[in-house]
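Residue-level structure breakdown
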Amino acid sequence: MNIVVLVKQVPDSGSERGLAGDNTVERQSANNVINEMDEYAIEEALRIQAAEGGEVTILTMGPERAAESIRKALSMGPDKAVHVIDDALHGSCALSTSKVLAAALGTLNPDLVIAGAESTDGRVQVMPHMIAERLGIAALTGARKLTVDGGTLTIERQTEEGYEVVTAATPAVVSVWDTINEPRYPSFKGIMAAKKKPVQTLALADLGIEAGEVGFAGASSEVVEHAKRPPRQGGQKVADDGNGGAALVEFLSSEKFV
Amino acid sequence: MNFDLTQEQNDLREAVSALGRRYGHEYFIGKAKAGEHTTELWAEAGKLGYLGVSIPEEYGGGGGGITELTVVCEELSATGSPLLLLVVSPAIVATILARHGTDAQRAEFLPRLADGSLLIAFAITEPEAGSNFHRLGTVARRDGDDWVLNGRKCFISGVDHADYVMVVARTEDASTGRLMPALFLVPTDAAGLTRSQLDMEIVSPEKQWLLYLDDVRLPAEALVGGSTDAGLPALFAGLNPERITVAAMSAGTGRYALDRASRYTATRQVWGRPIGTHQGVAHPLAHAAIQVELARLMVYKAAALYDAGRDLEAGVAANMAKYATADAAALAVDTAIQAHGGNGMTTEYGVATLLGAVRAGRIAPVSREMILNFVAQHVLGQEKSY
Ligand SMILES: Cc1cc2nc3c(=O)[nH]c(=O)nc-3n(C[C@H](O)[C@H](O)[C@H](O)COP(=O)(O)OP(=O)(O)OC[C@H]3O[C@@H](n4cnc5c(N)ncnc54)[C@H](O)[C@@H]3O)c2cc1C
Ligand SMILES: Cc1cc2nc3c(=O)[nH]c(=O)nc-3n(C[C@H](O)[C@H](O)[C@H](O)COP(=O)(O)OP(=O)(O)OC[C@H]3O[C@@H](n4cnc5c(N)ncnc54)[C@H](O)[C@@H]3O)c2cc1C
């Protein structure tokens with residue numbers, strides 16, 4: 001089975017994050033890591049490869065420093081990577097990102113595309129759907145379990161109430177939540193081998209996409225303004241001078257909790 | 001001059017740290033107090049190739065150097081879940097076998113030392129020969145093709161779950177009558193080998209043992225290197241890796257203690273503000289952090305010199321690193337306890353649990369006095385005093 005895993009480099013969600021002057025995500029000074037959910041996607045791909053054979057390819061669209069995350073992804077065990085890198089991509093919206101990734105996938109002919117269910121920076125949760133739509137293949141999204149039976153894929157889609165069982169034929173795009181598995185740590189051999197694995201870089205021209213279709217120029221929407229989330233309000237203190245209980249209930253009912 | 005690890009070494013550091021954090025100090029202490037071993041951590045680190053980083057690739061290892069093993073030792077210790085036997089099985093024993101073992105010994109032992117499925121303890125210390133190992137009393141006598149060992153060893157770590165013990169004994173050189181060191185691989189279930197546990201005031205899953213060797217009969221293949229001439233160089237081959245990795249463990253433990261303490265002092269409020277705002281609390285921690293970082297630098301210098309094949313210079317650096325990290329770790333743990341107040345002495349806050357271990361670091365595997373002797377003699381050119 002030919003599997004492609006979509007891996008995005010994001011600023012570490014554990015440290016201070018922000019937007020740059022042009023209202024795009026600040027990536028220069030940030031401590032950049034593999035989008036957490038994508039590690040689960042890699043793990044799932046490697047498990048399927050171990051059972052079914054075939055090849056696992058990492059696909060990333062991102063600036064030069066995304067190469068670091070590609071190397072780390074490869075150290076977990078995938079065979080090779082494709083890095084789409086082009087100055088014109090800066091400022092791309094979700095629609096154009098999906099156009100680029102779909103075009104790159106077109107050169108790879110995957111049976112299965114696995115992505116994280118959401119990135120910790122953009123958080124739009126739409127990339128897998130958009131890519132599937134552009135490629136004209138099925139989207140099995142939000143999986144907490146994936147089984148492969150020949151050319152049939154079955155997922156348990158995690159929902160708030162429980163799960164749904166959804167099936168599709170390959171080729172398809174599957175997106176996964178962090179409930180699906182426990183990602184492996186890179187082995188020392190994996191770490192040493194990562195740098196020697198082939199990483200193909202593609203520019204927009206290689207994908208037949210014009211610079212004007214992506215980036216700020218092609219964005220279907222524009223981030224005009226942003227503001228920091230306001231600091232938390234101090235909360236309301238209820239002093240218990242004998243009728244604290246009543247005061248509590250009054251507060252809770254005023255907020256419609258009871 | 002370059003103070004950076006390579007990209008791969010850094011990736012290794014991150015990976016080992018992530019693994020160690022998943023286990024952590026509570027796991028380590030839980031195992032120690034239950035009288036169990038940190039088997040799961042050992043096995044997982046082995047499977048990931050972290051135990052075998054420095055073993056040659058042709059024998060299933062990672063093909064890295066002592067620097068890589070140093071990274072593994074330090075990072076696990078820095079998460080509060082150190083593996084003492086890294087110093088023994090991969091650092092001392094595997095290095096000795098890789099450098100001085102026979103082809104058959106390498107092929108038999110190294111692949112399983114690399115993945116951690118085999119554990120070999122190391123026994124040199126005797127009741128009458130600790131600092132002074134020229135007085136070894138364990139004797140190996142030739143009997144036909146076999147060897148017969150008699151003697152006693154003490155303080156030997158990890159024998160209860162080791163498959164073999166590499167025992168340092170002496171043989172009699174037939175021509176000169178001089179006693180020469182020789183190393184033997186003794187199965188822990190060999191007839192004539194018995195052991196009893198020493199009661200130690202150290203909270204650790206690894207116990208120390210007294211070993212009694214009474215007419216332990218071994219085949220010729222048990223002699224490391226296949227010749228008694230291999231003994232002395234083999235013994236010396238293990239010393240630098242031992243000191244460097246032990247120093248790395250101390251450095252990691254120091255980092256762990258300071259990390260716990262600084263997280264505590266940044267939030268604990270006594271007079272309405274975090275206690276870390278008092279210089280009386282923060283400065284001792286800062287001082288300890290400087291000592292730990294200085295000592296760490298020497299550990300990596302020693303590892304780099306060793307990996308560059310500069311054994312003599314590495315020897316000086318390794319001894320200095322061992323001395324400095326042991327003191328820095330003891331200081332860091334003591335300071336961390338003080339910063340925690342009463343909580344510092346609880347099990348829950350996980351710093352006093354390290355007292356015994358860091359104190360022992362100033363004694364084993366070589367005492368600070370013997371390092372001072374070494375530096376006085378070999379660096380400062382003083383006459384030997386003993
Ligand atoms: C309307 C709109 C306007 C935007 N405008 C801008 C803008 O002006 N400037 C700007 O910087 N950003 C902008 N963004 C954000 C940016 O486009 C998204 O971050 C990007 O499209 C990817 O979306 P996501 O990471 O949120 O995808 P999600 O759907 O949350 O990600 C799901 C998965 O898709 C895969 N994936 C996502 N991105 C990549 C990638 N690059 N390479 C490989 N795999 C990937 C990963 O597997 C990931 O886990 C905009 C987004 C929207 C919706
Ligand atoms: C936790 C722990 C684990 C250990 N694990 C192992 C193991 O796995 N295998 C193993 O073989 N051994 C092991 N040991 C033993 C350890 O290596 C010895 O304890 C150490 O080498 C010191 O030897 P000794 O105890 O005989 O002290 P001694 O040699 O009796 O020394 C006693 C004191 O006198 C000082 N002294 C001695 N000679 C001089 C001198 N010339 N000048 C100045 N001061 C001097 C010493 O520094 C020390 O302070 C372990 C010890 C401990 C505590």
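Note that the structure is a prediction, hence the values are computed from the model and not measured.

Across its full length, chain B carries 10 helices and 7 strands. What you see for chain B is a C-alpha radius of gyration of 21 Å, in line with the 21 Å of a compact globule of 386 residues. Taken along its principal axes, the extent of the C-alpha atoms in chain B is 80 × 45 × 40 Å. Looking at chain B as a whole, 50% of its 386 residues are labelled buried. Here the contacts in chain B between residues at least 6 apart in sequence split such that 71% fall between residues at least 24 apart.

Within chain A, the secondary structure is distributed over 7 helices and 11 strands. Principal-axis analysis of the C-alpha atoms places the extent of chain A at approximately 70 × 45 × 40 Å. Burial analysis of chain A (258 residues in total) assigns 38% to the buried set. Long-range contacts, defined here as pairs at least 24 residues apart, represent 70% of the contacts in chain A between residues at least 6 apart.

Quick look at the site of ligand 1 now. Residues and elements named next belong to chain A. Around ligand 1 sit 34 residues, and of these Thr24, Gly116, Ser119, Gly122 and Met127 come closest. Listed by contribution, the elements that provide at least two residues to the shell around ligand 1 are α1 (36-52), β4 (55-61), α3 (94-106), β6 (112-116) and α4 (127-135). Classifying every residue of the shell around ligand 1 by side-chain character gives 17 nonpolar, 12 polar and 5 charged.

A separate point is the site of ligand 2. Residue and element names in this part refer to chain B. Taken together, 22 residues lie near ligand 2, and Gly130, Ser131, Phe155, Ser367 and Glu369 sit nearest. Residues that form the shell around ligand 2 fall into these classes: 14 nonpolar, 7 polar and 1 charged. Per-domain counts for the shell around ligand 2 show at least three residues from each of domain 2 (122-230) and domain 3 (233-378).

Once that is clear, we can look at the domain arrangement of chain B. All names here are of chain B. Each assigned domain of chain B is listed here: domain 1 (7-119), domain 2 (122-230) and domain 3 (233-378). Each of domain 1 and domain 3 has a C-alpha centre, and these two points are 20 Å apart. At the junction of the two partners, domain 1 supplies 24 residues and domain 3 supplies 25 residues. Taken together, the elements giving at least two residues each to the side of domain 1 that touches domain 3 come down to α1 (7-33), α3 (66-78) and α4 (85-100). If you tally residues by element for the side of domain 1 that touches domain 3, the top one is α3, at 10 residues. Within the side of domain 1 that touches domain 3, the residues separate by chemical class into 12 nonpolar, 9 polar and 3 charged.

The biggest cluster of nonpolar side chains holds 184 residues, and the ones touching the most others in it are Val5 and Val174 of chain A together with Val165, Phe184, Val299, Ala302 and Ala321 of chain B. Here this core takes 17 residues from helix α8 (residues 311-339) of chain B, the largest share from any one element. When sequence neighbours within four positions are dropped, the list of residues in contact with Ala321 of chain B reads Arg243, Ile244, Ala247, Ala295, Met298, Val299 and Ala302 of chain B.

This next bit is on the packing of helix α6 (residues 231-267) of chain B against helix α7 (residues 279-307) of chain B. Residue and element names in this part refer to chain B. Across the interface, α6 lies against α7 with an axial gap of 9 Å and an inter-helix angle of 155°. Relative to α7, the element α6 lies roughly antiparallel. In this structure, α6 meets α7 at a crossing whose hand is left-handed. Residues Asn240, Ile244, Ala247, Ala248, Ala251, Gly254, Arg255, Leu258, Ala261, Ser262 and Thr265 of α6 lie in contact with α7, whose contacting residues are Val281, Ala282, Leu285, Ala288, Ala289, Val292, Ala295, Arg296, Val299, Ala302, Ala303 and Tyr306. Tallied by class, residues from the contact of α6 with α7 come to 17 nonpolar, 4 polar and 2 charged.

Turning our attention to the interface of chain B and chain A. Many authors give the size of an interface as the accessible area that is lost as the parts come together. In this complex, chain B contributes 11 residues to the contact, which on the side of chain A involves 9 residues. Residue composition of the side of chain B that touches chain A, by class: 7 nonpolar, 2 polar and 2 charged.

Our focus in this paragraph is α1 of chain B. The terminal C-alpha atoms of α1 of chain B, which comprises 27 residues, lie 38 Å apart, in line with the 39 Å expected from a rise of 1.5 Å per residue. The largest bend in α1 of chain B comes to about 60°, at Gly24 of chain B. Among the structural elements, α2 (66-75) and α5 (188-194) of chain A together with α2 (39-47) and α3 of chain B are those in contact with the buried residues of α1 of chain B. After α1 of chain B finishes, the residue Gly35 of chain B shows a positive phi value of roughly 70°.

In this section: α3 of chain A. Taking 1.5 Å per residue as the helical rise, α3 of chain A with its 13 residues ought to reach 18 Å, and the 18 Å between its terminal C-alpha atoms agrees with that figure. When α3 of chain A is considered as a whole, its buried residues turn out to be Ser96, Thr97, Ser98, Lys99, Val100, Leu101, Ala102, Ala104 and Leu105 of chain A.

Moving on: the sheet that holds strand β11 (residues 199-202) of chain A. Within a beta sheet, neighbouring strands are joined by backbone hydrogen bonds and run either parallel or antiparallel to one another. All names here are of chain A. If you walk across this open sheet you meet the 9 strands as β9-β8-β7-β10-β6-β1-β4-β5-β11, and the pairing is mixed. Strand pairing shows two members of the sheet lacking a second neighbour, β9 (163-169) and β11, which therefore form its edges. Neighbour-to-neighbour, the strand axes of the sheet open up by a mean angle of 35°, direction not taken into account. Direction of pairing for β4 relative to strand β5 (residues 80-84): parallel, over a ladder of 5 bridges. When the bridges of β5 are listed, Thr57 appears paired with Lys80. Contacts between α2 and the sheet are confined to β4, β5 and β11, with β4 contributing the most and set at about 165° to the helix. Here α3 sits on the sheet and contacts β1 (2-6), β4, β5, β6 and β11; the angle it forms with β4, its principal contact strand, is near 150°.

What counts, and where the lines are drawn
- Residues numbered from 1 in each chain as written.
- Chains lettered and ligands numbered in written order.
- Predicted model: local features only at pLDDT ≥ 70, side-chain atom pairs only at ≥ 80, totals over all residues.
- Helix = DSSP H or I, 4+ residues; strand = E, 2+ residues; numbered from the N terminus.
- Rg over C-alpha atoms; globule rule 2.2 N^0.38 Å.
- Buried ≥ 20, exposed ≤ 12 C-beta atoms within 10 Å, placed from the backbone.
- Contact = placed C-beta atoms within 7 Å.
- Near = placed C-beta within 6 Å.
- Nonpolar A, V, L, I, M, F, W, Y, C, P; charged D, E, K, R; others polar.
- Domains from an automatic or database assignment.
- Core = buried A, V, L, I, M, F, W, Y, C linked by C-beta atoms within 7 Å.
- Axes fitted to C-alpha atoms, helices over the stretch in contact; angles between N-to-C directions.
- Parallel < 35°, antiparallel > 145°, perpendicular 65-115°, else oblique.
- Left-handed = near helix turned anticlockwise from the far one by under 90°.
- Expected span 1.5 Å × (residues − 1).
- Bend = angle between axes of the 7 residues up to and from the residue.
- Pairing = 2+ DSSP bridges.

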